[in-house]
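Coordinate analysis (summary)
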Amino acid sequence: MASKKFKVISHYYNNYSLWSMFKTKNLSPQKLAGFTALVISFVIALFSYLVSGDYKITAGAFVLTFLVSYYLYLYTLQNFIYRKIKLIYKFIYQTKASKREEFFNKNILPLKTIEEVSEDVEKWASQKKEELESLRRNEEFRKEFLLNLSHELKTPIFAVQGYIHTLLDGALEDPSVNKMFLKNATKNIDRLCRLLDDLDEISKLESGEMTVNVEDFVIQDLLKDVFDTLSLKANTKGIKFSIKKGCETPLHVIADKEKIRQVLINLVDNSIKYGKQDGHTIASIYNMDGKRVLIEISDDGIGMAEEHLPRVFERFYRTDRARSRDIGGTGLGLAIVKHIVEAHDQSITVRSKPEIGSTFGFTLEAGKGEF
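Quick notes on the rules
- For every chain, the first residue of the written sequence is number 1, and numbering continues from 1 along that sequence.
- Totals for whole chains, interfaces and linings use every residue, but because this is a predicted model, local features are given only for residues with pLDDT of at least 70 and side-chain atom pairs only at 80 or more, for both listing and counting.
- Where side-chain values are given, they derive from all heavy atoms of the structure, hydrogens and water being excluded.
- Per-residue confidence from the predictor is reported as pLDDT, a score between 0 and 100.
- Two residues qualify as a contact provided that any one of their heavy atoms is within 4.5 Å of a heavy atom in the partner residue.
- Only buried Ala, Val, Leu, Ile, Met, Phe, Trp, Tyr and Cys residues count toward a nonpolar core, and they belong to the same one when joined by side-chain atoms within 4.5 Å.
- For the exposure calls, accessible area comes from a 1.4 Å probe over protein chains only, and a residue counts as buried if that area is under 20% of its type's maximum, exposed if over 50%, partly exposed in between.
- Either an automatic procedure or a domain database provided the assignment from which the domain bounds are taken.
- When a carboxyl oxygen of Asp or Glu is within 4 Å of a side-chain nitrogen of Lys or Arg, the pair counts as a salt bridge.
- Strands here are runs of E lasting at least two residues and helices are runs of H or I lasting at least four, both read from the DSSP assignment and numbered beginning at the N terminus.
- Any two rings among Phe, Tyr and Trp, with Trp reduced to its six-membered ring, count as a pair given centres within 6.5 Å; such a pair is stacked if its planes are under 30 degrees apart, edge-to-face if over 60, and tilted if neither.
- The length a helix should cover is 1.5 Å for every residue beyond the first.
- Polar contacts here mean pairs of N or O atoms no more than 3.5 Å apart (in protein, one a potential hydrogen donor and the other a potential acceptor; neighbouring residues in sequence count only if both atoms are side-chain atoms).
- Axes here mean lines fitted to C-alpha atoms, for a helix over just the part in contact, with angles spanning 0 to 180 degrees between N-to-C directions.
- Between 65 and 115 degrees an angle is taken as roughly perpendicular, under 35 as roughly parallel, over 145 as roughly antiparallel, and anywhere else as oblique.
- Handedness of a crossing is defined here by the sense of rotation of the near helix relative to the far one, left-handed for an anticlockwise turn of less than a right angle and right-handed for a clockwise turn.
- Amino acids are sorted into nonpolar (Ala, Val, Leu, Ile, Met, Phe, Trp, Tyr, Cys and Pro), charged (Asp, Glu, Lys and Arg) and polar (every other residue, Gly among them).
- Grouping into patches uses exposed residues only, defined as over 30% relative accessible area, and leaves out salt-bridged ones; the cut-off is 9 Å for like charges and 5 Å for nonpolar side chains (Val, Leu, Ile, Met, Phe, Trp, Tyr).
- Here the accessible surface of atoms and residues is derived via Shrake-Rupley with a 1.4 Å probe, and residues count as covered only by protein chains that are part of the display.

1. Re the confidence of the model for the protein
Chain-level pLDDT for the protein is 78 on average; 74% of the residues reach the 70-or-more range. In this model, residues 4-22 is a region of pLDDT below 50 whose contacts with residues beyond four sequence positions or in other chains number 11 contacts.

2. What about the nonpolar core?
Within soluble globular proteins, side chains that are nonpolar tend to cluster in buried spots. Ile 219, Ile 260, Leu 264, Leu 267, Ile 285, Phe 362 and Leu 364 are the most contacted members of the largest nonpolar core, which totals 47 residues. Residue contributions to this core reach at least three from each of two domains, namely domain 2 (144-207) and domain 3 (215-365). Non-local contacts of Leu 267, meaning those with residues more than four positions away in its chain, are made with Ile 297, Leu 334, Val 337, Phe 360 and Phe 362.

3. Focus on the pattern of salt bridges
A full pass over the atoms with the stated rule returns eight salt bridges. Close ionic contact of Asp 269 with Lys 233 constitutes a salt bridge, the shortest N to O distance being 2.6 Å. On the criterion of sequence distance, the pair formed by Asp 269 in helix H9 (residues 257-273) and Lys 233 in helix H8 (residues 231-235) is long-range, its members being 36 residues apart. Of the residues examined, Lys 233 reaches a relative accessible area of 37% and is grouped as partly exposed. Of the charged contacts in the structure, one is a salt bridge between Arg 311 and Glu 314, with a shortest N-O distance of 2.8 Å.

4. Digging into the packing of aromatic side chains
In the structure shown here, the tally under the stated rule is five aromatic pairs. Note on Tyr 163 and Phe 181: the rings are 5.3 Å apart at their centroids and 50° apart in plane angle, and the pair reads as tilted. Of this pair, Tyr 163 sits in helix H5 (residues 114-168) while Phe 181 sits in helix H6 (residues 178-207), placing them 18 residues apart in sequence. Relative accessible area serves as the criterion here: at 22%, Tyr 163 is assigned to the partly exposed category. Judged by its relative accessible area of 16%, Phe 181 falls in the buried class. Arranged with centres 4.6 Å apart and planes meeting at 15°, the rings of Phe 227 and Phe 241 form a pair that is stacked. In this pair, Phe 227 sits in helix H7 (residues 219-229) while Phe 241 sits in strand E2 (residues 240-243), placing the two residues 14 residues apart along the sequence. Every member of this aromatic cluster is reached through a ring pair, and the members are Phe 66, Tyr 70 and Tyr 71.

5. Structural notes on H9
Every α-helical turn comprises 3.6 residues, leaving residues that sit three or four positions apart pointing alike. Compared with an ideal rise of 1.5 Å per residue, which puts 17 residues at 24 Å, H9 spans 24 Å between its outermost C-alpha atoms and is within 8% of the ideal. Among the residues of H9, Lys 259, Ile 260, Arg 261, Val 263, Leu 264, Leu 267, Val 268, Asp 269, Asn 270, Ser 271, Ile 272 and Lys 273 are the ones counted as buried. By the N-cap criterion, in which a side-chain oxygen at the helix start approaches the backbone nitrogen of a residue two or three places on, H9 is capped by Asp 256, the distance to Glu 258 being 3.3 Å.

6. Some details on the packing of H7 against H9
The geometry of a pair of packed helices is captured by two quantities: the angle between their axes and the separation between those axes. Relative to each other, H7 and H9 sit at 50°, their axes nearing to 10 Å. Between H7 and H9, the interaxial angle falls into the category oblique. Handedness of the H7/H9 crossing: right-handed. The segment H7 lies against H9, with Ile 219, Leu 222, Leu 223, Asp 225, Val 226 and Phe 227 engaging Lys 257, Ile 260, Arg 261, Leu 264, Ile 265 and Val 268. Partitioning the contact of H7 with H9 into residue classes produces nine nonpolar, no polar and three charged.

7. Focus: a nonpolar patch on the surface
Side chains of Val 39, Phe 42, Val 43, Leu 46, Tyr 49, Leu 50 and Tyr 55 sit close together on the surface and give an oily, nonpolar patch of about 750 Å² of accessible area. At six residues, the largest contribution of residues to the nonpolar patch is made by helix H2 (residues 29-52). One can find Tyr 49 in helix H2. What makes Tyr 49 partly exposed here is its relative accessible area of 32%.

Below, the structure written as C-alpha cells:
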C-alpha cells in the first residue's frame with residue numbers, strides 16, 4: 001500500500017511540479033516568467049510575513065510582486081532576448097520582412113521555445129550545407145565539362161591547322177598529298193560542325209526552348225526507317241539489323257516522331273560504332289502496362305564496365321577516350337538522347353557488360369492504335 005502511494009506521489013511530482021517545466025521542450029517565455037515571478041513572490045511574501053506577521057499584507061505582497069515580476073520579466077525576455085533571436089531569423093532568411101513576416105516576428109516568434117529556434121537554425125545550417133555541397137558538385141562538373149569541351153574542340157581545330165600549314169609550306173604543289181590533306185581537313189571541319197550543332201541542340205533541350213510536338217505512330221515503322229538510313233554504315237562492319245522475334249506486332253506510341261527518330265539514330269549508330277565485326281543490332285518493343293511502351297536497342301559489341309554506367313549520359317563522358325575519338329562522334333549523343341526522352345516525361349536506362357554488349361532502353365507513352 002505504501003509503495004502504491006509512493007508511485008502516485010512520484011507520478012504527481014514528475015508531471016505537475018514546477019521544476020518539470022524545465023524538462024519539457026515546450027518551455028515558453030510565459031512559463032519561464034511565471035516560474036521566476038512565483039519564486040520571487042514567494043520569497044518576498046515570506047519576508048513580509050516575518051516582518052509584519054499579517055496574512056493580508058503577505059497575500060497583497062505576494063500578488064503584487066507576482067504581477068510586477070511576471071510582466072517585467074516577460075517584457076525583458078520578449079524585447080531583449082527575442083530581439084536577438086529575430087536578428088538570427090533575419091540572417092537566416094536574408095529578405096526584407098513582408099507583412100506576413102512582420103506578423104510572424106511580433107506574434108509567432110516570441111511564442112517559440114529556445115529548442116524550436118535551435119531546431120530552425122539547425123535545419124537552416126543543414127540546408128546551407130546541402131547547397132554548398134551542390135555548388136561544389138556543380139563546380140566540379142563545370143570544370144570537367146570545360147576541360148572536355150576544350151579537348152573536343154582542340155582535336156579537329158589542331159588537325160585542320162596542321163593540314164593547312166603543311167599545304168601552305170609547299171604540299172599544295174604536290175598532287176600526291178594535296179587532295180588527301182584537303183579531304184582530311186574537310187573531315188575535321190565536318191566533325192567540328194557536328195559538335196557545334198550538338199552543343200546548340202543540347203542547349204535548347206536544357207533551356208526548354210525546343211518544343212515537343214506529339215503524334216500517334218507505329219514505333220516499328222520508325223525503327224525500320226532508321227535501320228534503312230544506317231544500313232550502308234552497318235554493312236561496312238557486316239552488322240545485321242533485326243527486330244526481336246515476337247516484337248513484330250505493331251505498337252503505337254504518342255511522341256514527337258522526329259525527336260524519337262533522332263533518339264533511335266543515335267542509339268543504333270552507337271551500336272554500329274561499338275559493335276563487333278559481323279555482329280548484330282536487335283530492337284525489342286514491349287507493351288508494358290497498357291500505358292507505356294518499352295523500346296530497347298541491343299548490340300553484341302565491346303560493352304562497358306559497371307562503373308561507367310551511371311555516367312554514360314553525361315556530356316562528353318567517354319569510357320575509353322582514345323578509342324572513342326578514333327571511332328568518332330561528338331560525345332554528346334547520349335546526353336541528347338536522355339534530354340529528349342525526359343522531355344517526353346519518360347526514362348532511359350542502360351545495361352552492359354564488357355565483351356558481351358550493351359542494351360539501351362527507354363519508354364514512351366502508349367498510343368491507342370493497338371487496343
